[in-house]
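The residues making up each chain are set out below.
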Amino acid sequence: MKAKVNGIKLAYEIHGCGTPVILLHAFPLNRTMWAPQVSELRKDFEIITPDFRGFGESQGTDEPYTMDLLAEDIHALLRHLSLHEVILGGLSMGGYVAFAFYRKYPEMVKALILADTRAEADTEEGKTNRKNMAELVLKAGTKVIAEQMTPKLLGKTSFEQKQELVSRIKKTISSTSPNAIANAQLGMAQRPDSNSTLKHITCPTLILVGAEDTLTPVENAQRMKRNIHNSEIRVVPKAGHISSLEQPMDFNNALKKFLEIITISS
Ligand code: MLT
């Protein structure tokens, strides 16, 4: 499905019915990464999975995709769907966008799911690396990026033992628009530190992190847990940065428990 929102055609899917849960994907993937969560949760919830601007089947634009811009796209999509309050989840870049969304529209967030993400902004070195990748992808294409990124996105266990998943991630990255990769890198480099936001988060929050995540490691997740008052943390064993896809059963069990408590208590 596509909706014309915030000046672009944004692709999204909706499955199931019940309390709405919107799940924001990681970089440089797309909404299809949430397939294991959609098939499990659609029995009890309305699951909305958008493609960020430029990714998957969403229309791109030629500018840095700042987290604020992506959050505005999500806000416009929710307005289009007449949804005033949702459970908001994001993995990695999806989590950065969730922070930006929460800063602007806290009243619309019933609960937060922060998976394999971090509150910290980039270091100067991190910003330079992003700029370099943005230049590289425009020059050399997406296959190089797929080869570089896949071993970092997946945990050691998945990379060594789950060949199908390795191929699938490489294929998804290879088919992503080079412009989207470049623009999202430039946008992520501009994102502010979200640590000061953490203390203002009052809604129930589930923090998930793969035990083998090297990009946003367990220590970052624990730091978020310490600073978000109403939060709990679950470490997903044998998973790296894309814990939702690497160990979907463990990830889903933690998610379902959290969602059930939220919906029962409201
Ligand atoms: C992601 O998975 O979304 C990326 O690792 C985020 C980032 O590059 O910081």
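Every value quoted in this text rests on a predicted model; they were computed, and no experiment measured them.

> Hey, could you run me through the site of the ligand in this one?
Around the ligand, the neighbouring residues are Ala26, Phe27, Ser92, Met93, Tyr96, Arg118, Arg130, Leu153, Met188, Leu215 and His241. Note that an oxygen atom of the ligand is positioned 2.9 Å from one of the backbone N or O atoms of Met93. One nitrogen or oxygen atom from the side chain of Tyr96 is found 2.6 Å from an oxygen atom belonging to the ligand. Calculation on the ligand without its partners gives an accessible area of 270 Å², and the protein chains cover 92% of this total. Along the lines of polarity and charge, the residues of the shell around the ligand split into 7 nonpolar, 2 polar and 2 charged.

> Looking at this structure, how should I read the pattern of salt bridges?
Opposite charge on two side chains permits pairing when their charged atoms draw close. Scanning all chains against the criterion turns up 18 salt bridges. Residue Lys43 is joined to Glu40 by a salt bridge in which the shortest nitrogen-to-oxygen separation is 3.3 Å. Given a relative accessible area of 22%, Glu40 falls into the partly exposed group. Residue Lys131 pairs with Glu135 through a salt bridge whose shortest N-O separation is 3.8 Å. Taken as a pair, Lys131 and Glu135 lie in helix 4 (residues 124-140) at a separation of 4 residues, close to a single helical turn. Among the residues examined, Lys131 registers a relative accessible area of 48% and is labelled partly exposed. On the accessibility criterion, Glu135 (43% relative accessible area) is partly exposed. The network of salt bridges with shared partners includes Glu13, Arg31, Asp51 and Glu57.

> How do you make sense of the packing of helix 5 (residues 142-153) against helix 7 (residues 163-174) when you look at a structure like this?
For any two helices packed against each other, one specifies the inter-axial angle together with the distance between the axes. Interaxial distance between helix 5 and helix 7 falls to 8 Å at its minimum, and their mutual angle equals 140 degrees. Taken together, the axes of helix 5 and helix 7 lie oblique to each other. Every pair of crossing elements has a handedness; the one defined by helix 5 and helix 7 is right-handed. Across the interface between the two elements, Thr142, Lys143, Ile145, Ala146, Glu147, Met149, Thr150 and Leu153 from helix 5 touch Val166, Ile169, Lys170, Ile173 and Ser174 from helix 7.

> Any chance you could explain helix 4 here in plain terms?
The α-helix advances 3.6 residues per turn, and as a result positions three or four apart in sequence lie on the same side. Helix length check: helix 4 (17 residues) gives 24 Å between terminal C-alpha atoms against 24 Å at 1.5 Å per residue, within 8%. All of the buried residues along helix 4 are Gly126, Arg130, Met133, Ala134 and Val137. Buried residues along helix 4 cover an arc of 100 degrees about the axis, so they all sit on one side. Away from the buried face of helix 4 by more than 90 degrees, exposed residues Glu124, Glu125 and Lys139 are located. Downstream of helix 4 by one or two residues, Gly141 has phi in the positive range, about 90 degrees.

> Help me understand the pairing of strand 7 (residues 205-210), please; the structure alone is not making it clear to me.
For a regular strand, the rule is simple: side chains alternate between the two faces of the sheet. Counting buried positions over the 6 residues of strand 7 gives 6, a clear majority of the element. The two faces of strand 7 match: Thr205, Ile207 and Val209 on one face and Leu206, Leu208 and Gly210 on the other face are all buried. Note that strand 7 and strand 8 (residues 231-236) share 6 bridges and pair parallel. In the sheet register, Leu208 faces strand 8, and the bridge partner there is Arg234.

> Explain the pairing of strand 2 (residues 8-15) to me, please; I cannot follow it from the model alone.
Bridge count for strand 1 (residues 2-5) against strand 2 is 4 bridges, and the pairing is antiparallel. Note that in strand 2 the partner of Ala3 across the bridge is Leu10. In sequence, strand 1 turns back onto strand 2 through a hairpin of 2 residues, with Asn6 there showing a positive phi of about 50 degrees. Where strand 2 and strand 4 (residues 45-50) come together, 4 bridges link them in antiparallel fashion. Looking at the pairing, Glu13 lines up with Thr49 of strand 4.

Definitions and limits used
- Residues numbered from 1 in each chain as written.
- Predicted model: local features only at pLDDT ≥ 70, side-chain atom pairs only at ≥ 80, totals over all residues.
- Heavy atoms only, no water.
- Near = heavy atom within 4 Å.
- Polar contact = N/O pair within 3.5 Å; in protein donor to acceptor, adjacent residues only side chain to side chain.
- Areas by Shrake-Rupley, 256 points an atom, 1.4 Å probe, with all protein chains shown as cover.
- Nonpolar A, V, L, I, M, F, W, Y, C, P; charged D, E, K, R; others polar.
- Salt bridge = Lys/Arg side-chain N within 4 Å of Asp/Glu carboxyl O.
- Buried < 20%, exposed > 50% of the residue type's maximum accessible area, 1.4 Å probe, protein only.
- Helix = DSSP H or I, 4+ residues; strand = E, 2+ residues; numbered from the N terminus.
- Axes fitted to C-alpha atoms, helices over the stretch in contact; angles between N-to-C directions.
- Parallel < 35°, antiparallel > 145°, perpendicular 65-115°, else oblique.
- Left-handed = near helix turned anticlockwise from the far one by under 90°.
- Contact = heavy atoms within 4.5 Å.
- Expected span 1.5 Å × (residues − 1).
- Arc of directions from axis to C-beta.
- Pairing = 2+ DSSP bridges.

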